[in-house]
Amino acid sequence: DVKVTQSSRYLVKRTGEKVFLECVQDMDHENMFWYRQDPGLGLRLIYFSYDVKMKEKGDIPEGYSVSREKKERFSLILESASTNQTSMYLCASSLVAGEREQYFGPGTRLTVT
Amino acid sequence: AQSVTQLDSQVPVFEEAPVELRCNYSSSVSVYLFWYVQYPNQGLQLLLKYLSGSTLVESINGFEAEFNKSQTSFHLRKPSVHISDTAEYFCAVSGGGNMLTFGGGTRLMVKP
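Residues numbered from 1 in each chain as written. Chains lettered and ligands numbered in written order. Predicted model: local features only at pLDDT ≥ 70, side-chain atom pairs only at ≥ 80, totals over all residues. Heavy atoms only, no water.

(A) Examining the overall build of chain A more closely. Per the secondary structure count, chain A includes 0 helices and 11 strands. Reading chain A from its N terminus to its C terminus gives the helix and strand order β-β-β-β-β-β-β-β-β-β-β. In terms of C-alpha radius of gyration, chain A reaches 13 Å, essentially the compact-globule figure of 13 Å for 113 residues. Once the C-alpha set of chain A is aligned to its principal axes, its extents read approximately 40 × 25 × 25 Å. Across the 113 residues in chain A, those meeting the buried criterion constitute 49%. Restricting the contact set of chain A to residue pairs at least 6 apart, pairs at least 24 apart contribute 55%. For chain A, the computed accessible surface area is about 5,500 Å², with 50% contributed by carbon and sulfur atoms. Taken as two groups, the 16 positive and 16 negative side-chain charges of chain A have centres that lie 6 Å from each other. (Helix = DSSP H or I, 4+ residues; strand = E, 2+ residues; numbered from the N terminus. Rg over C-alpha atoms; globule rule 2.2 N^0.38 Å. Buried < 20%, exposed > 50% of the residue type's maximum accessible area, 1.4 Å probe, protein only. Contact = heavy atoms within 4.5 Å. Areas by Shrake-Rupley, 256 points an atom, 1.4 Å probe, with all protein chains shown as cover. Lys, Arg positive; Asp, Glu negative; His and termini not counted. Charge placed at Lys NZ, Arg CZ, Asp CG, Glu CD.)

What follows is the structure, encoded as structure tokens:
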């Protein structure tokens, strides 16, 4: 069974803290994605990686960075958390060829106080 | 570039009634189309997809969607909904690259 896991389901951090969100997939997928989900706005792409150490900015990269040192792991970093980064964060992975179906993790609900 | 519009943000419906969730897209290239479902406090799961061939695609739990190229639509339907279908539904489109573009989501609320 294919699986994408995220390190935390719920996270509470203070303004200004550095926050790490971890995502691991066991499907040997080349592509990995980080989205944030907010009511009424759907899913917005933060960053995308198509290979180890490779990354591309998505629609809303400001305030975020990413790291992909191994194929199965993709980390989202909030350098200095702010209250407007309170959101649901979803990780996904997919193959680089074929049907483009993305497989999602359960999400991390981050609250910044 | 692609865009996806889900015309209804919320759809309330009584149990055992039919439902249609609307999705329109725009793209300058041939597309793959997807419907994802998100149950409360969970990630997104693929419900069904259109890649090529028959324009009517079905899921294992009774949903179906029809690709209409002339109207650039991919509406999701179910003839009789259950309480367990209560969830948020997302339409997504791929233009053949690595990205999916998602619509804003439709919250289906099934009432007893």
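(B) The state of the cysteines, seen in detail. Residue and element names in this part refer to chain A. What the rule picks out here adds up to 2 disulfides over all chains. Between cysteine 23 and cysteine 91 runs a disulfide, and the two sulfur atoms are separated by 1.9 Å. Judged by the torsion about the S-S bond (-75°), the cysteine 23/cysteine 91 disulfide is left-handed. Of the two residues, cysteine 23 sits in strand S3 (residues 19-25) while cysteine 91 sits in strand S9 (residues 87-94), which places them 68 residues apart along the sequence. (Disulfide = S-S within 2.5 Å.)

(C) Quick peek at the packing of aromatic side chains. Evaluated as defined, the whole model comprises 13 aromatic pairs over all chains. Ring pairs connect the aromatic residues Phe33, Tyr35, Phe48, Tyr50 and Phe104 of chain A together with Phe34, Tyr36 and Phe102 of chain B, which therefore count as one cluster. Here lysine 111 of chain B stacks its cationic end above the ring of phenylalanine 14 of chain B, 4.7 Å away from the centre of that ring. (Phe/Tyr/Trp six-rings, centres within 6.5 Å; stacked < 30°, edge-to-face > 60°. Lys NZ or Arg CZ within 6 Å of the ring centre and 35° of its normal.)

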